[in-house]
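Working through the structure, step by step
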Amino acid sequence: VFLALHSSCASLLFYLWRANGSSFAYRSELRHAKRIVVKLGSAVVTRGDECGLALGRLASIVEQVAMLQNQGREMMIVTSGAVAFGKQRLRHEILLSQSVRQALHSGHNQLKDMALPVLEARACAAAGQSGLMALYEAMFTQYSTCTAQILVTNLDFHNDDKRQNLNSTLRELLRMNIVPIINTNDAVVSAPEPNSDLQGVNVISIKDNDSLAARLAVEMKADLLIALSDVEGLYDSPPGTDDAKLIDIFYPGDQQSITFGTKSRVGLGGMEAKVKAAVWALQSGTSVVIANGTHPKVTGHVITDIVEGKKVGTFFTEIKPAGPTVEQQTEVARSCGRTLASLHPGQRGEIICQLAELLTERKEEILAANKMDMDLAINAGSLSAALLKRLSLSPSKLNSLAIGLRQIAVAAQDSVGRVLRRTRVAHNLVLEQITVPIGVLLVIFEARPDCLPQVSALAIASGNALLLKGGKEAANTNRVLHQITQEALSMHGVTDAVQLVSTREEVEDLCRLDKMIDLIIPRGSSQLVREIQRAAKGIPVLGHSEGICHVYIDTEADIDKVIKIVRDSKCDYPAACNSMETLLIHRDVLRTPLFDQIIDMLRTEQVKIHAGPQFASYLTFSPSEAKSLRTEYSDLECCLEVVDSMQDAVDHIHKYGSFHTDTIITENEDTAEKFLHQVDSACVFWNASSRFADGYRFGLGAEVGISTARIHARGPVGLEGLLTSKWVLRGDGHTAADFSDHGTMTYLHENLPVGEPLAGQKDGNQTRDFDSSLIDA
């Protein structure tokens, strides 16, 4: 009841605030927009040849507008395009007329080159307006949506009677669920006066469709104005210039930091006109987003994405953003990460050891923050028992974390800059392949705060910059752990190499930063991983979508090992991705004392059994049949299925598994070895619990996640999985021509040992000794 009342009060306050004429403060609030104006710039509706309309883009825009209209929103369109459409029609008519005249004059159909006269824009607008409107009507009719055409000039806003009539007409059309399509009456409109666009709070001249859209949005008290053009949004300098950066959130007070370029290839207004109109509308209570309406990959959902609050284009707000944007955080992290990578290995090890020490020294502060998160989660009742266990920290868990971090500190001594391969290509020409950091990592994790120091230590050891996006359930714990991490980093001046994203960034928005982030690593539920894999179209994702792990009990399995391993695999931590989800049993084990003991143990542990189709066929009264053999229960539930042989078990795993972790329990070494070699999973075990699939248990110190991919890293991903390589060639004036048929040199391609530096070359990994006493627990 309390939560429901709280939600209702929040909604009421939100709508009272909007009714007071204030614009939206955050992108996430745009989904509440009721009345929306969509402005289509000339470059959006016009073809590349500037003669005719871009029908594909228009159709997509119409579909989105109709969809939002059918959701109950009030949609208005301010459109360009009459001139371009009219230009196409008039050119066609002139060509046809000239060809007829020439044919009559010459007496045959052989035409000479014909020069088209310059077409006056007003005439083009007059010829194209009716066709443009007919096109809109035909497109909207496909979605059972009615449209109405309204042509306006400056006088319609500056004359009180005309302005009131326009206002009344638009409101009546919206009331009848009709989409008004508004355009300037270019056939009669006067040329705009220079510098007359802004003349005060309530006055804006209609010199182009940017100012028209802004004036209309304010006049109609629209919640949102979406201005589509041929650029991604507002840049801090002209798009296409070096170092031009897209501005995600624009605060009017920062306007002096913008350098404007020229206007677009068509239309009257440039970006400066768009920004002036947007700021004027914003100050009058209408939120504004400027975005690209021409990009073929995003045009199909740019409008709906904006209304859903996704990070598209530039969002104008009167609330100055608190702290850096995630783009700024990423840039700072990358810069600082390069400094981190250039540190001596001993220095990176010292940072990690200091972090381990701080986890112990500041454990009271950490546990107090964790208790706040636990209390909030319990009171909200939003987390399952398994997730609450994952959220909880304890002194023993912090001690284990510290031990794992010290292991990583040791591994850091032989990570960045390690020579993987050394080849003497020719005399005095030596090639090396050396390990280097990947770059900027984005790790997204749910209610698991112990992930933060683990991943931070691995990033530090590998010299990678790191962005961390934690679940809101662990916000207090994550904040304290991040502060401690930055304190450890500060000892060598690389405080900002690890950044915690605490803004309102959605996961999908972060996945759009393909030019800034090099690798995404999700740590959480299979649903989270799948969502990220779908959203990150331009960034590699290292992870597993599901953890459907199998344990196979062979006919020659030891009874004590079976009970012990099955219990641990399923019951130790059922929410973990490496817990058993399907128990495969050889049919000869059925109706034996071993089978009875397995069932009794699972019942004692309160594990709910779902029968596979083969198992169900053996029983008169069976447990509930499994809905799918490809299910990750992540709870005290599992599927039990019967197979006829070890080979059938392998085939079942390949058909229904997720290539995560699979185990065989048997005393027959030949059977076990065949299983280990045939099963195509990241981790394959013999007589061991599936729960061993873990970076700490593998001796990696920690892991950033478990990968089921088949390239780069696989299984628990530790320090090695966060490194890539580069090639370094040292020569003495060599050229490729030296090795041609007429050259003086020949290739040697001689493999050289990698364990010692070349003569006269210092080994960067040995320039600073690491104090091994730092790792003592």
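The preceding data block contains the structure.
Not measured: the values here are computed from a predicted model.

**Notes on the overall build of the protein**
Helix and strand counts for the protein come out as 24 helices and 24 strands. If you take every contact in the protein between residues at least 6 apart in sequence, the share linking residues at least 24 apart comes to 74%. When the accessible area of the protein is evaluated, it comes to approximately 35,900 Å², of which 51% is carbon and sulfur surface.

**Describing the sheet that holds strand S7 (residues 287–292)**
Reading across from one edge, S3-S4-S2-S1-S5-S7-S8-S6 is the order of the eight strands in this open sheet, with mixed pairing throughout. Two strands bound the open sheet, and with one partner strand each, they are strand S3 (146–152) and strand S6 (249–250). The sheet contact formed by strand S2 (residues 74–79) and strand S4 (residues 178–184) spans two bridges and is parallel. Its bridge partner lying in S4, Val78 is registered against Ile182. Each of strand S1 (35–40), S2, S4 and strand S5 (224–229) is contacted by helix H3 (residues 55–70), which is oriented at about 155 degrees to S2, the strand it contacts most. Where helix H5 (residues 121–141) meets the sheet, its contacts fall on S1, S2, S3 and S4, and the angle it forms with S3 comes to roughly 155 degrees.

**Quick notes on the nonpolar core**
With 52 residues, the main nonpolar core has Ile351, Ile352, Ile366, Val443, Leu466 and Leu468 as its most contacted residues. The greatest single-element share of this core, amounting to eight residues, is contributed by helix H16 (residues 451–462). Among residues more than four places away in sequence, those in contact with Val443 are Cys451, Val455, Leu466, Leu467, Leu468, Lys469, Ile521 and Arg523. In this structure, Met75, Leu132, Met139 and Leu228 belong to the second largest nonpolar core, which totals 39 residues.

**Description of the packing of aromatic side chains**
This model, assessed by the stated rule, comprises five aromatic pairs. Between the aromatic rings of Phe250 and Phe316, the centroid separation amounts to 5.1 Å while the plane-to-plane angle is 65 degrees, which identifies the pairing as edge-to-face. Of this pair, Phe250 sits in strand S6 while Phe316 is found in strand S8 (residues 314–316), placing the two residues 66 residues apart along the sequence. Across the pair, Phe316 and Phe250 agree in class, each one buried. When the ring of Phe595 is compared with that of Phe615, the centres are 6.0 Å apart and the planes differ by 65 degrees; the resulting orientation is edge-to-face.

**A few points about helix H9 (residues 271–283)**
Spanning 13 residues, H9 covers 18 Å between terminal C-alpha atoms, matching the ideal 18 Å at 1.5 Å per step. In terms of residue burial, H9 counts as a mostly covered element, since ten of its 13 residues are buried. Residues Met271, Ala273, Lys274, Val275, Ala277, Ala278, Val279, Trp280, Ala281 and Leu282 constitute the buried set of H9. Packing partners of the buried residues in H9 comprise S1, helix H8 (209–219), S5, S6, S7 and S8. After H9 finishes, the residue Gly285 shows a positive phi value of roughly 105 degrees.

**Let's talk about the layout of surface pockets**
In this structure, the second largest pocket occupies an estimated 1,000 Å³ of space. Forming the walls of the second largest pocket are 43 residues, and the residues nearest its centre are Arg390, Arg448, Tyr573, Ala576 and Arg691. Within the residue set of the lining of the second largest pocket, elements represented by two or more residues are helix H14 (385–391), helix H15 (395–411), strand S14 (519–523) and strand S21 (705–707). For the lining of the second largest pocket, a count of residues per class yields 15 nonpolar, 13 polar and 15 charged. Here the lining of the second largest pocket gathers at least three residues from each of two domains, domain 2 (326–535) and domain 3 (549–703).

**Notes on helix H11 (residues 326–342)**
Over its 17 residues, H11 extends 24 Å from the first C-alpha to the last, a length consistent with the 24 Å expected when each residue adds 1.5 Å. Buried residues of H11: Val326, Glu327, Gln329, Thr330, Ala333, Cys336, Gly337 and Leu340, and no others. The secondary structure elements touched by the buried residues of H11 are helix H12 (345–361), strand S11 (440–445), H16, strand S12 (465–470), strand S13 (498–500) and helix H18 (507–510).

**Topic: the pattern of salt bridges**
The final tally for this structure, using the stated rule, is 33 salt bridges. Notably, a salt bridge pairs Lys311 with Glu327, separated by 3.1 Å at the nearest N-O pair. Residue Lys311 is found in the loop between helix H10 (302–307) and S8, and its partner Glu327 is found in helix H11; the two are separated by 16 residues along the sequence. Just as Lys311 is buried, Glu327 falls in that class too. Ionic pairing is found between Glu720 and Arg418, a salt bridge with its closest N-O pair at 2.8 Å. One end of the pair, Glu720, is in the loop between strand S22 (715–717) and strand S23 (723–730); the other, Arg418, is in the loop between H15 and strand S9 (419–426), and 302 residues separate them in sequence. Among the ionic contacts, a cluster of salt bridges with common partners joins Arg27, Asp248, Lys311 and Glu327.

**Notes on empty space enclosed by the protein**
With the rule as written, the count across this model stands at two cavities of 30 Å³ or more. In terms of lining residues, the largest cavity is bounded by Lys39, Asp210, Ala213, Ala214, Leu225, Ala227, Lys274, Ala277, Ala278 and Val288. Contributing elements (two or more residues each) for the lining of the largest cavity: H8, S5 and H9. Class assignment for the residues of the lining of the largest cavity results in seven nonpolar, no polar and three charged.

**What about the packing of helix H23 (residues 646–656) against helix H24 (residues 669–678)?**
Think of two packed helices as two axes; the pair is described by the angle between the axes and how far apart they sit. Interhelical geometry of H23 versus H24 gives an angle of 20 degrees and a closest axis separation of 10 Å. Overall, the two elements H23 and H24 adopt an arrangement that is roughly parallel. Where H23 crosses over H24, the two elements pack in a sense that is right-handed. When H23 is examined against H24, the residues Met646, Gln647, Val650, Ile653 and His654 are found in contact with a partner set consisting of Thr671, Lys674, Phe675 and Gln678. Looking at side-chain class alone, the contact of H23 with H24 contains four nonpolar, four polar and one charged residues.

**Structural notes on the sheet that holds S14**
The strand order across the open sheet built from four strands is S13-S12-S11-S14, with neighbouring strands paired in parallel fashion. Where the open sheet ends on each side, the last strands, each with one partner, are S13 and S14. Averaged over neighbouring strand pairs, the angle between their axes works out to 20 degrees when direction is ignored. One ladder, built from five bridges, connects S11 with S14; its direction is parallel. From the neighbouring strand, Ile444 faces S14, where its bridge partner is Pro522. With respect to the sheet, H11 is in contact with S11, S12 and S13, its orientation differing from that of S12 by roughly 145 degrees. Against the sheet, H16 engages S11, S12, S13 and S14, with an angle of about 165 degrees to S12.

Cut-offs used in this document
- Residues numbered from 1 in each chain as written.
- Predicted model: local features only at pLDDT ≥ 70, side-chain atom pairs only at ≥ 80, totals over all residues.
- Heavy atoms only, no water.
- Helix = DSSP H or I, 4+ residues; strand = E, 2+ residues; numbered from the N terminus.
- Contact = heavy atoms within 4.5 Å.
- Areas by Shrake-Rupley, 256 points an atom, 1.4 Å probe, with all protein chains shown as cover.
- Pairing = 2+ DSSP bridges.
- Axes fitted to C-alpha atoms, helices over the stretch in contact; angles between N-to-C directions.
- Core = buried A, V, L, I, M, F, W, Y, C linked by side-chain atoms within 4.5 Å.
- Buried < 20%, exposed > 50% of the residue type's maximum accessible area, 1.4 Å probe, protein only.
- Phe/Tyr/Trp six-rings, centres within 6.5 Å; stacked < 30°, edge-to-face > 60°.
- Expected span 1.5 Å × (residues − 1).
- 1 Å grid on protein atoms, 1.4 Å probe; cavity = no way out; pocket = protein on both sides within 12 Å on 5 of 7 lines; lining within 4 Å.
- Points joined across faces, edges and corners; volume = space filled by probe spheres on them.
- Nonpolar A, V, L, I, M, F, W, Y, C, P; charged D, E, K, R; others polar.
- Domains from an automatic or database assignment.
- Salt bridge = Lys/Arg side-chain N within 4 Å of Asp/Glu carboxyl O.
- Parallel < 35°, antiparallel > 145°, perpendicular 65-115°, else oblique.
- Left-handed = near helix turned anticlockwise from the far one by under 90°.

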